[in-house]
Amino acid sequence: ICISIFSDPMKRENYSEVNEFIFQGFSSFQEHQIVLFVVFLALYILTLAGNTIIVTIISMDRHLHTPMYFFLSMLSISETLYTLVIVPRMLASLTGLNQPISKAGCATQMFFFITLAINNCFLLTAMGYDRYVAICNPLRYTVIMDKKMCAKLLCGACSIGLTVATVQIASVFRLSFCETKVPHYFCDILQVMKLSCADTTIHDIINLIISSLVIVVPMGLVFISYVLIIATILKIASAEGRQKAFATCASHITVVIVHYGCASIAYLKPKSENTRDQDQLISVTYTVFTPLLNPVVYTLRNKEVKDALCRAVGRKPLS
């Protein structure tokens, strides 16, 4: 995620102020738009259904009323809102209903996208901390990870996202824009910045620095947590105990690798390294596929969630 702090007073001469934008979307895939629409619609429905099921199961099943699943339910809610911000308009553009978006509408979409994306990053960090306490300090787990601590971690994740998004939107939309066509299917900051009349070199440098902090800091905290977790697990005498400990972390590790991997490729790469089609492919990965990964991984790989699903439909838990 990127932040823009300075605005350049140098503007191009002879421009008309732009008050709305047009998404070019997947214009280079014209012959495949119907296929893309069907695929993305199916994935979108599965994402909404999967995350809704996770939130419902966790709220209904008392066995899942633990900090780990509290953060999982918050992540599912955040991922659902995240897709609602981006995917419906993308689907509309694939059907030919590509209406212009006002500057205020673009700023609103960008605000919620940034807020929720950063919120997701730090929720994954909170989940990593929860696993660290559970495995490395199990006797004090219930004392450390009480309701107050969970609330603090959740509020911290939300506050960071809101703060970064507010600063970013305020700075980016102080700029004047000379172009109307956004070479993307949503108001991504990197693409909107390209439409500015100003020289954005300083903005790009600051964006890269802040992106690095927003992505690398939580990713680094998760990495440290798992170094300590692995060191503790390796000290467990029994193979069964080690396997059980690793199993409790497997789902989270999978989601973390894909989530931070996509974010790093999208926002930490050199400015002109990828083509427009490559940028869109990366964006589809983290706006369409990654939100679906959460319910898929936690329902297929997590025994407690699968057992809760069995109880919900009246079947015996899996052995």
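Residues numbered from 1 in each chain as written. Predicted model: local features only at pLDDT ≥ 70, side-chain atom pairs only at ≥ 80, totals over all residues. Heavy atoms only, no water.

Draft legend 1. Structural context of empty space enclosed by the protein. Summed over the entire model, instances satisfying the criterion amount to three cavities of 30 Å³ or more. Volume-wise, the largest cavity comes out at about 120 Å³. Along its surface, the largest cavity is lined by 13 residues, and Tyr 82, Ala 117, His 259, Ala 263 and Tyr 286 are the ones closest to its centre. In terms of residue class, the lining of the largest cavity is made up of 10 nonpolar, two polar and one charged. (1 Å grid on protein atoms, 1.4 Å probe; cavity = no way out; pocket = protein on both sides within 12 Å on 5 of 7 lines; lining within 4 Å. Points joined across faces, edges and corners; volume = space filled by probe spheres on them. Nonpolar A, V, L, I, M, F, W, Y, C, P; charged D, E, K, R; others polar.)

Draft legend 2. Molecular detail of the nonpolar core. In this structure, Phe 21, Phe 40, Phe 113, Phe 173, Phe 177 and Tyr 286 are the most contacted members of the largest nonpolar core, which totals 89 residues. Counting residues per element, this core draws most heavily on helix α3 (residues 103-136), which supplies 16 residues. (Core = buried A, V, L, I, M, F, W, Y, C linked by side-chain atoms within 4.5 Å. Buried < 20%, exposed > 50% of the residue type's maximum accessible area, 1.4 Å probe, protein only. Helix = DSSP H or I, 4+ residues; strand = E, 2+ residues; numbered from the N terminus.)

Draft legend 3. Structural detail: the layout of surface pockets. The space that makes up the largest pocket amounts to roughly 500 Å³. Every residue lining the largest pocket is counted, 18 residues in all, and those nearest its centre are Arg 131, Lys 244, Ala 247, Thr 248 and Glu 304. Looking at the lining of the largest pocket, the elements that each hand over two or more residues are α2 (67-94), α3, α8 (239-267) and α10 (303-312). In terms of residue count, α8 provides more of the lining of the largest pocket than any other element does, five residues in total. Of the residues in the lining of the largest pocket, the class split is 10 nonpolar, three polar and five charged.

Draft legend 4. Here's a closer look at the side chain of Asp 188. Along the chain, Asp 188 turns up in the loop between β3 (181-182) and α6 (189-193). Residue class for Asp 188 comes out buried when judged on its relative accessible area of 2%. Other than its neighbours up to four places away in sequence, Asp 188 contacts Met 110, Phe 113, Tyr 267 and Tyr 286. (Contact = heavy atoms within 4.5 Å.)

Draft legend 5. A look at the UniProt feature "transmembrane region" (unreviewed entry) in the chain. UniProt's entry tags residues 34-57, 69-91, 111-129, 150-173, 205-234, 246-268 and 280-300 with the feature "transmembrane region" (unreviewed entry), counted in the numbering of this structure. Overall, residues 246-268 shows 96% helix and 0% strand. The separation of its end C-alpha atoms is 30 Å. (UniProt positions renumbered as here; feature names shortened; annotations may be inferred.)

Draft legend 6. Inspection of the state of the cysteines at higher detail. Across all of its chains, the model carries two disulfides by this definition. Across a sulfur-sulfur distance of 2.0 Å, Cys 106 and Cys 187 are joined as a disulfide pair. With the S-S bond torsion at -130°, the cross-link from Cys 106 to Cys 187 turns out left-handed. Residue Cys 106 is found in helix α3, and its partner Cys 187 is found in the loop between β3 and α6; the two are separated by 81 residues along the sequence. (Disulfide = S-S within 2.5 Å.)

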